[in-house]
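Commentary on secondary and tertiary structure
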Amino acid sequence: MRIDKIKDTLDNIKLRLKLLFSRASVTYVYQIEPGKLRHLQVHGLGLDDKIEHAEAYGLAGRPLEGAEAFVSSILGQRSHLVATIVSDPRHRPTGDKPGEVVLWSRWGQTIWLLEDGTTRISAPKAVEINAPEVTTNAPLINVNGTNVNITANTVAITAQSASLDCDDITFGGEDAQPVARIGDLVNVTSGSSAGLHEIVSGSSKMRVG
């Protein structure tokens, strides 16, 4: 009898260990309720259940149907299943090198922590930053773009020197007039100084409205 009981106990432990981990396909993703874990419907390896999805703190994501769920059975009991990892190799980016980390989505956005210490942010569409204040500290900032638009109530630039290399500079809108510069000619139309004088004249590179 003792041997039979020991055998039954060991068989029960063996069964619980076998049931600890399973692999299944996500067939449906439920709307998450505030303050609760998201639920998934999974199917595979004897599973066809609505289970909880435990997400890491600070990282939230809604899996796609067809993703792969790695399911844990709490205490080896199928009555309490939790998806601890949900992966989707269909859309995972490739080409990462040893030690690199990539945050990615199905839609092509990535934040790539590269092996040389560079952080690369890529998106097929717009990147938005919403904050009451944004501070950038860097000895060198490069902005490369076809069009750069700045809309603000006030713009303040403080620098030891500033250089603007441009063939066409306009202040004041499309109706702005040419700006006179030292060394250009100005036409005085009356008085003893009437005539052209080499003081300032309109510049083809700067206009002020």
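Residues numbered from 1 in each chain as written. Predicted model: local features only at pLDDT ≥ 70, side-chain atom pairs only at ≥ 80, totals over all residues. Heavy atoms only, no water.

Before going further, it helps to spend a moment on the nonpolar core. If you look at the biggest cluster of nonpolar residues, it comprises 11 residues: Ala 24, Val 26, Val 29, Leu 40, Val 42, Ile 51, Ala 67, Ala 69, Val 71, Leu 81 and Ala 83. Secondary-structure elements contributing two or more residues to this core are strand E1 (21–29), strand E2 (38–44), strand E4 (68–73) and strand E5 (81–87). Sorting elements by how many residues they give to this core places E1 first, with 3 residues. (Core = buried A, V, L, I, M, F, W, Y, C linked by side-chain atoms within 4.5 Å. Buried < 20%, exposed > 50% of the residue type's maximum accessible area, 1.4 Å probe, protein only. Helix = DSSP H or I, 4+ residues; strand = E, 2+ residues; numbered from the N terminus.)

Our next topic: the packing of aromatic side chains. One pass over the structure, following the stated rule, counts 1 aromatic pair. On the numbers, 4.8 Å between centres and 80 degrees between planes, the contact of Tyr 28 with Tyr 30 is edge-to-face. Of note, Lys 50 hangs over the ring of Tyr 30, and the distance from its end group to the ring centre comes to 4.5 Å. (Phe/Tyr/Trp six-rings, centres within 6.5 Å; stacked < 30°, edge-to-face > 60°. Lys NZ or Arg CZ within 6 Å of the ring centre and 35° of its normal.)

Turning next to the pattern of salt bridges. For the structure shown, the criterion picks out 5 salt bridges. For Arg 23, the salt bridge is made with Glu 68, and the minimal N-O distance between the two is 2.5 Å. Linking Arg 23 in strand E1 with Glu 68 in strand E4, this pair joins segments that are 45 residues apart in sequence. On the basis of relative accessible area, Arg 23 is assigned to the partly exposed category, the value being 45%. In this structure, the salt-bridge partner of Arg 92 is Asp 96, at a minimum N-O distance of 3.0 Å. Given a relative accessible area of 42%, Arg 92 falls into the partly exposed group. Given the relative accessible area of 30%, Asp 96 is considered partly exposed. (Salt bridge = Lys/Arg side-chain N within 4 Å of Asp/Glu carboxyl O.)

Taken together, the side chains of Leu 59, Val 101, Leu 103, Ile 111, Leu 113, Ile 121, Val 127, Ile 129 and Val 134 make up a nonpolar region of the molecular surface, amounting to roughly 860 Å² of accessible area. At the level of secondary structure, the elements contributing two or more residues to the nonpolar patch comprise strand E6 (101–104) and strand E7 (110–113). Position of Val 134 among the secondary structure elements: in the loop between strand E8 (119–122) and strand E9 (169–171). Among the residues examined, Val 134 registers a relative accessible area of 54% and is labelled exposed. (Patch = residues over 30% accessible without salt bridge, like charges linked within 9 Å, V, L, I, M, F, W, Y side chains within 5 Å. Areas by Shrake-Rupley, 256 points an atom, 1.4 Å probe, with all protein chains shown as cover.)

Moving on: the side chain of Asp 88. The topology assignment puts Asp 88 in the loop between E5 and E6. Using a relative accessible area of 9% as the deciding quantity, one classes Asp 88 as buried. Side-chain polar atoms of Asp 88 contact the side chain of Arg 90, separated by 2.7 Å. (Polar contact = N/O pair within 3.5 Å; in protein donor to acceptor, adjacent residues only side chain to side chain.)

This part is about the environment of Leu 64. Looking at where Leu 64 falls in the secondary structure, it is placed in the loop between strand E3 (47–53) and E4. Here the alpha-carbon distance between Leu 64 and Val 29, two residues 35 residues apart in the chain, equals 7.4 Å. Non-local contacts of Leu 64, meaning those with residues more than four positions away in its chain, are made with Val 26, Asp 88, Arg 90, His 91 and Arg 106. (Contact = heavy atoms within 4.5 Å.)

Okay, the sheet that holds E7 next. The strand order E6-E7-E8 describes an open sheet built from 3 strands, whose pairing is antiparallel. Strands at the two margins of the open sheet, each flanked by one partner only, are E6 and E8. Pairwise comparison of adjacent strand axes, ignoring direction, gives a mean angle of 10 degrees for this sheet. (Pairing = 2+ DSSP bridges. Axes fitted to C-alpha atoms, helices over the stretch in contact; angles between N-to-C directions.)

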